[in-house]
Amino acid sequence: MSDSTDSTRPENDGSSSNTPTGDDLPDFDLDNLEIPDDLSSLTGSGEPEFAALITQIAGAEPLAAASSLAQLDLDAVPTAVGAVGVLRDLAGDAPEQAAAAVSQLVRGVPLVLVTRTGEQMTAVRFSDGARGDELAPGLVLGGAPEDVVDLLTGATSVDDFDGVVGSTSISKFKAVRMLTSAARKARKGMGKGEPGPDSTDGA
């Protein structure tokens, strides 16, 4: 009887196992597994690939001059809607610091900081040195000329524009002279308004 019973019992040659499929994982040395404190490297540095200040400043030189006084490194690009400052320092909060510094120097004239990381774009308004509301990138791009849109989206670069002025090419002394002259012209322009209600013609 024992011989017949043994003959029908399946032999275990090591080829089969009771372990469910998928659970047969390699052994890990968990005691020596090191988990870094900073996991930012797994998701990227977070540093934008591009950052620019969209301003209402007429002309590349005045923007470059203001940036020189603020000790900022940027390329001022002239456009039909105002100079665009393409920032060179993209590390950390440098773009926001630059936006705050320029908007502080040019008080009363808001600007928009646009940053781009891959296909992700953000737009933030700055005024009088303070950070304002975030804007929909679509609205910013929709109201900009084609050449500005191409620059912001990466279709073109600073090298594709004429009349670009680097802030580092302007000394602080020259920057002060340029901004003083621009302010004087602006004051003269404001003084050429229409005659007031108390003025008389030919009286």
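Residues numbered from 1 in each chain as written. Predicted model: local features only at pLDDT ≥ 70, side-chain atom pairs only at ≥ 80, totals over all residues. Heavy atoms only, no water.

Q: What is the right way to read helix 3 (residues 94-105) from this model?
A: One turn of the α-helix equals 3.6 residues, which is why residues spaced by three or four share an orientation. Taking 1.5 Å per residue as the helical rise, helix 3 with its 12 residues ought to reach 16 Å, and the 17 Å between its terminal C-alpha atoms agrees with that figure. Every buried residue of helix 3 is listed here: Ala94, Pro95, Ala98, Ala99, Ala100, Val102 and Ser103. Buried residues in helix 3 make contact with strand 1 (50-54), helix 2 (60-69), strand 3 (84-87), strand 4 (111-117), strand 5 (120-127) and strand 6 (130-135). (Helix = DSSP H or I, 4+ residues; strand = E, 2+ residues; numbered from the N terminus. Expected span 1.5 Å × (residues − 1). Buried < 20%, exposed > 50% of the residue type's maximum accessible area, 1.4 Å probe, protein only. Contact = heavy atoms within 4.5 Å.)

Q: Would you take a moment to explain a positive patch on the surface for this structure?
A: Taken together, the side chains of Arg184, Lys185, Arg187 and Lys188 make up a positively charged region of the molecular surface. Owing to a relative accessible area of 55%, Lys188 belongs among the exposed residues under this scheme. (Patch = residues over 30% accessible without salt bridge, like charges linked within 9 Å, V, L, I, M, F, W, Y side chains within 5 Å. Areas by Shrake-Rupley, 256 points an atom, 1.4 Å probe, with all protein chains shown as cover. Salt bridge = Lys/Arg side-chain N within 4 Å of Asp/Glu carboxyl O. Lys, Arg positive; Asp, Glu negative; His and termini not counted. Charge placed at Lys NZ, Arg CZ, Asp CG, Glu CD.)

Q: Help me understand a nonpolar patch on the surface, please; the structure alone is not making it clear to me.
A: Taken together, the side chains of Leu69, Leu105 and Val176 present a nonpolar region at the surface, about 220 Å² in accessible area. Structurally, Leu69 can be placed in helix 2. According to the relative accessible area criterion, Leu69 is partly exposed, its value standing at 31%.

Q: Can you help me understand the pattern of salt bridges in this one?
A: Two side chains of opposite charge can pair, provided their charged atoms sit close to one another. All chains considered together, the criterion is met by four salt bridges. The shortest N-O distance in the salt bridge between Asp75 and Arg88 comes to 2.5 Å. Within this pair, whereas Asp75 is found in strand 2 (residues 74-77), its partner Arg88 is found in the loop between strand 3 and helix 3, the two being separated by 13 residues in sequence. For Glu96, the salt bridge identified is with Arg131, shortest N-O distance 3.1 Å. Of the two residues, Glu96 sits in helix 3 while Arg131 sits in strand 6, which places them 35 residues apart along the sequence. One salt-bridge network, held together by shared partners, links Asp73, Asp75 and Arg88.

Q: Explain unusual backbone geometry here, please?
A: Negative phi is the rule for most residues except glycine; trans is the rule for most peptide bonds. Phi at Gln71 takes a positive value of approximately 60°, unusual for a residue other than glycine. Topologically, Gln71 is positioned in the loop between helix 2 and strand 2. Taking the relative accessible area as the measure of exposure, Gln71 reaches 62% and is therefore exposed. Located in the positive-phi region is Asp128, a residue other than glycine, with phi close to 55°. Take Asp128: it is sitting in the loop between strand 5 and strand 6. What makes Asp128 partly exposed here is its relative accessible area of 30%.

Q: Explain helix 5 (residues 146-153) here, please?
A: Listed in full, the buried residues belonging to helix 5 are Val148, Val149, Leu151 and Leu152. Buried residues in helix 5, looked at end-on, bunch into an arc of 160°, giving them a common side. Here the buried face of helix 5 lies against strand 1, strand 2, strand 3, strand 4, strand 5 and helix 4 (137-142). Gly154 sits one or two positions beyond helix 5 and adopts a positive phi of about 90°. (Arc of directions from axis to C-beta.)

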